[in-house]
Amino acid sequence: MRELSDKNKSIIMACVCVALVIAIGITVVFLINSLDGNHALENKKELENKMYATVKEVGDDYVKIASLDDNEEIHVNTDKKLNEGDFIVITYNEDEALSITPNEIEVIARNKEVLITPTTKSVTTKSVYVSTTDKKTTSVSTTKDKTTMTSKKVTKEVVSEDEIINFAKASYEETDKAKEKTSISEKVKKNFVTLIDFIFYKGTIKGKTFEELSDKAKAKIIYYVLLIDGKIDNKWPNYKKTIKDKTDDLKSKLIAKYMDITTNICDAHADGCEMVKNDFNLLKKSLGLTWDVIKSAFSYGYNKTYTYLKNWYEVWREK
């Protein structure tokens, strides 16, 4: 019996070894295929081109498009349902061709869905940072006999951008912690109106105006105001009706300002590009900012060209 048992052990050991060899072989093959697949995908992505364009002509199995970059007319092989005037982005593998079979076509905006101006409007946006310490003012008093010049020294406290950002952040935290079943507090109301006036109506916070801030600070403040607006809509949906003159289409106006500032920062490769994109991704998740929502705000943007619509789309679609 012992001898038979030893034979069984040998058979079992042999089977285990064979199984291990087979498992190792399968694993090696899988890894090789995965590496080859990843390499092929990377190569495909490297070869893949992207083109933004408007649709000029629609056929049964093709469209003719005008490239946004150079207005070159290109024949695209596709049976996707498109309309003349649609603004699209296509990805394709050919390096350069007047006829393309695309890998993918995405419609950014349907014909006449958004207001587009045919030419680029020149807009200069600049950030001003003013230090106001130890300024002097001069007053003049006049009598019949003589004119007297007097000077007095006026010292104005320097307010940093961080102080204003912290005000917006604290206002959001105050709104966030308020309970839904209670009435909206006077403090939440006051802070909300102060921030709206600050952004849109030349109001001041701690003596500064919105236009005096850097683009990075502007974006951060709008980020918090969008969050506040979302909380108010959820907790006290009827409140904004009481200040309708200030809040009519407020979310779209805030989104437009945020998108304009974000594209300015990132187009200039300025410090803060990653911050505003990360903040925007948080807004997308918490406020449900679909492309349709962003697109509807485009009418409030300061530059209504296809180029800017493309820039907004690229900011929105980036993960």
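Relevant structure appears above.
From a predicted model like this one, the values you see are computed outputs, not experimental measurements.

A.B. asks: Just give me the short version of the pattern of salt bridges, but keep the residues and values in it.
C.D. replies: What the rule picks out here adds up to 15 salt bridges. A salt bridge links arginine 317 to glutamate 106, with the nearest nitrogen and oxygen atoms 3.4 Å apart. With arginine 317 in helix α9 (residues 306-317) and glutamate 106 in strand β6 (residues 104-109), this residue pair connects regions lying 211 residues apart in the sequence. Linked by salt bridges that have partners in common, Glu113, Asp292 and Lys295 make up one network.

A.B. asks: Break down the state of the cysteines for me, citing the residues and quoting the values.
C.D. replies: Here is the idea: a disulfide is a covalent bond, and it sits between the sulfur atoms of two cysteines. Scanning all chains against the criterion turns up 1 disulfide. Put simply, cysteine 266 and cysteine 273 are joined by a disulfide, and their sulfur atoms are 2.1 Å apart. Where cysteine 266 bonds to cysteine 273 through sulfur, the torsion about that S-S bond is close to 110°, and the disulfide is right-handed. This pair shows no difference in class: cysteine 266 is buried, exactly as cysteine 273 is.

A.B. asks: Can you break down the nonpolar core residue by residue, with the values?
C.D. replies: In this structure, Ile221 and Trp312 are the most contacted members of the largest nonpolar core, which totals 60 residues. Of the residues forming this core, the biggest block, 11 residues, is contributed by helix α4 (residues 215-235). Other than its neighbours up to four places away in sequence, isoleucine 221 contacts Ile164, Ile165, Ala168, Leu195, Phe198, Ile199 and Leu213. Counting residues in hydrophobic clusters, the runner-up holds 13 residues, among them Val55, Ile74, Leu82 and Tyr92.

A.B. asks: Would you mind going over the packing of helix α2 (residues 161-177) against helix α3 (residues 186-200) in detail, with residue names and values included?
C.D. replies: Running from amino to carboxyl end, α2 crosses α3 at an angle of 140°, the nearest separation of the two axes being 10 Å. It follows that α2 is oblique to α3 by the angle criterion. As α2 runs across α3, the sense of the crossing is left-handed. Listed contacts from α3 to Ile164, Phe167, Ala168, Ser171, Glu174 and Thr175 of α2 are Lys187, Val188, Asn191, Thr194, Leu195 and Phe198.

Rules behind the numbers
- In every chain, residue numbers begin from 1 and rise along the written sequence.
- This being a predicted model, a pLDDT of at least 70 is required before a residue's local features are given, and a value of 80 or more before pairs of side-chain atoms are given or counted; all residues contribute to the totals for chains, interfaces and linings.
- To obtain the side-chain values, all non-hydrogen atoms of the structure were used and water was disregarded.
- What counts as a salt bridge is simple: a side-chain nitrogen of Lys or Arg found within 4 Å of a carboxyl oxygen of Asp or Glu.
- By the criteria applied, helices consist of DSSP H or I runs no shorter than four residues and strands consist of E runs no shorter than two, each listed in order from the N terminus.
- Put simply, a disulfide is two cysteine sulfurs that come within 2.5 Å.
- Only protein chains enter the area calculation, which uses a 1.4 Å probe; residues under 20% of their type maximum are buried, those over 50% are exposed, and those in between are partly exposed.
- Working definition of a nonpolar core: buried Ala, Val, Leu, Ile, Met, Phe, Trp, Tyr and Cys residues. They are joined through side-chain atoms within 4.5 Å.
- Any two residues whose heavy atoms approach within 4.5 Å at even a single point are treated as in contact.
- Only the contacting stretch of a helix is used when fitting its axis, a line to C-alpha atoms as for every element, and angles between N-to-C directions run 0 to 180 degrees.
- In this scheme, roughly parallel covers angles under 35 degrees and roughly antiparallel covers those over 145, while 65 to 115 is roughly perpendicular and the rest are oblique.
- For any helix crossing, the convention is left-handed if the near helix is rotated counterclockwise from the far helix by under a right angle, and right-handed if that rotation is clockwise.

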